[in-house]
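Listed here are the chains, written in short residue letters.
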Amino acid sequence: MTIEMLYSKIHRATVTDANLNYVGSITIDEELLEASKMRVGQKVEILNINNGERFSTYIILGERGKRDICLNGAAARKVHKGDKVIIVAYATYDEEELQSYKPRVVLLNDDNNIDDVLESI
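My aim in this report is to walk through the structure given alongside it, one point at a time. Everything numeric here is computed off the predicted structure, so don't read it as measured data.

What follows deals with the environment of Leu47. Relative to the assigned elements, Leu47 resides in strand 4 (residues 43–48). Of the residues examined, Leu47 reaches a relative accessible area of 15% and is grouped as buried. It is 9.8 Å that separates the C-alpha atoms of Leu47 and Val79, two residues lying 32 residues apart in sequence. In contact with Leu47, not counting residues within four places along its chain, are Glu53, Arg54, Lys84, Val85, Ile86 and Val88.

Attention now goes to unusual backbone geometry. In this model, Arg12 sits at a positive phi of 60 degrees, which is unusual for a non-glycine residue. Here Arg12 shows up in strand 1 (residues 2–14). Positive phi, normally seen in glycine, also occurs at Asn112, with a value near 65 degrees.

Let's shift gears to the nonpolar core. In this structure, Ile10, Ile26, Ile28 and Ile87 are the most contacted members of the largest nonpolar core, which totals 29 residues. Among the elements that take part in this core, strand 7 (residues 84–94) stands out by supplying six residues, more than any other. The residues contacting Ile28, other than those within four sequence positions of it, are Ile10, Leu33, Ile59, Ile60, Leu61, Gly62, Asp68, Ile69 and Ile87.

Residues Asp94, Glu95, Glu96 and Glu97 make up a contiguous surface patch of negative charge. Examining the composition of the negative patch, we find that three residues originate from one element, helix 2 (residues 95–98), more than from any other. Looking at the secondary structure, you find Asp94 in strand 7.

Strand order in this open sheet of nine strands is 2-6-3-5-4-7-1-8-9, and the pairing throughout is mixed. Both outer strands of the open sheet, strand 2 (17–19) and strand 9 (114–118), are each paired with one neighbouring strand and no more. Neighbour-to-neighbour, the strand axes of this sheet turn through a mean angle of 30 degrees, independent of strand direction. Taken together, the four bridges between strand 3 (residues 25–29) and strand 5 (residues 54–62) define a ladder with parallel strand orientation. Across the sheet, residue Ile28 finds its bridge partner in strand 5, namely Leu61.

Basis of the calculations
- Residues numbered from 1 in each chain as written.
- Predicted model: local features only at pLDDT ≥ 70, side-chain atom pairs only at ≥ 80, totals over all residues.
- Heavy atoms only, no water.
- Helix = DSSP H or I, 4+ residues; strand = E, 2+ residues; numbered from the N terminus.
- Buried < 20%, exposed > 50% of the residue type's maximum accessible area, 1.4 Å probe, protein only.
- Contact = heavy atoms within 4.5 Å.
- Core = buried A, V, L, I, M, F, W, Y, C linked by side-chain atoms within 4.5 Å.
- Patch = residues over 30% accessible without salt bridge, like charges linked within 9 Å, V, L, I, M, F, W, Y side chains within 5 Å.
- Areas by Shrake-Rupley, 256 points an atom, 1.4 Å probe, with all protein chains shown as cover.
- Salt bridge = Lys/Arg side-chain N within 4 Å of Asp/Glu carboxyl O.
- Lys, Arg positive; Asp, Glu negative; His and termini not counted.
- Charge placed at Lys NZ, Arg CZ, Asp CG, Glu CD.
- Pairing = 2+ DSSP bridges.
- Axes fitted to C-alpha atoms, helices over the stretch in contact; angles between N-to-C directions.

What follows is the structure, given as structure tokens:
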């Protein structure tokens, strides 16, 4: 049996831009991707704390150190610059993998700098 579990999340990221004129996706700073162990092209859920919207998209690479969190294309209609969002990735684990299961949680401050990285929920 396999179970879908939280793989990683970036908690309380501040949206830095919303760009309608792009094919789609979310741009995430490369350093934040590394800290969260998320990957370019990976499917993620976006949870908008400000308005309750929940939607899925995929990750594209943002410039290292700029702390960009930009929703692109149709997803740009679901956020406003300055909104707080949670970016969640899931993975499927088997029973053996769950014995050492440790999701990664990256806590951000208002400037999208990393406050802490937890390996638990």
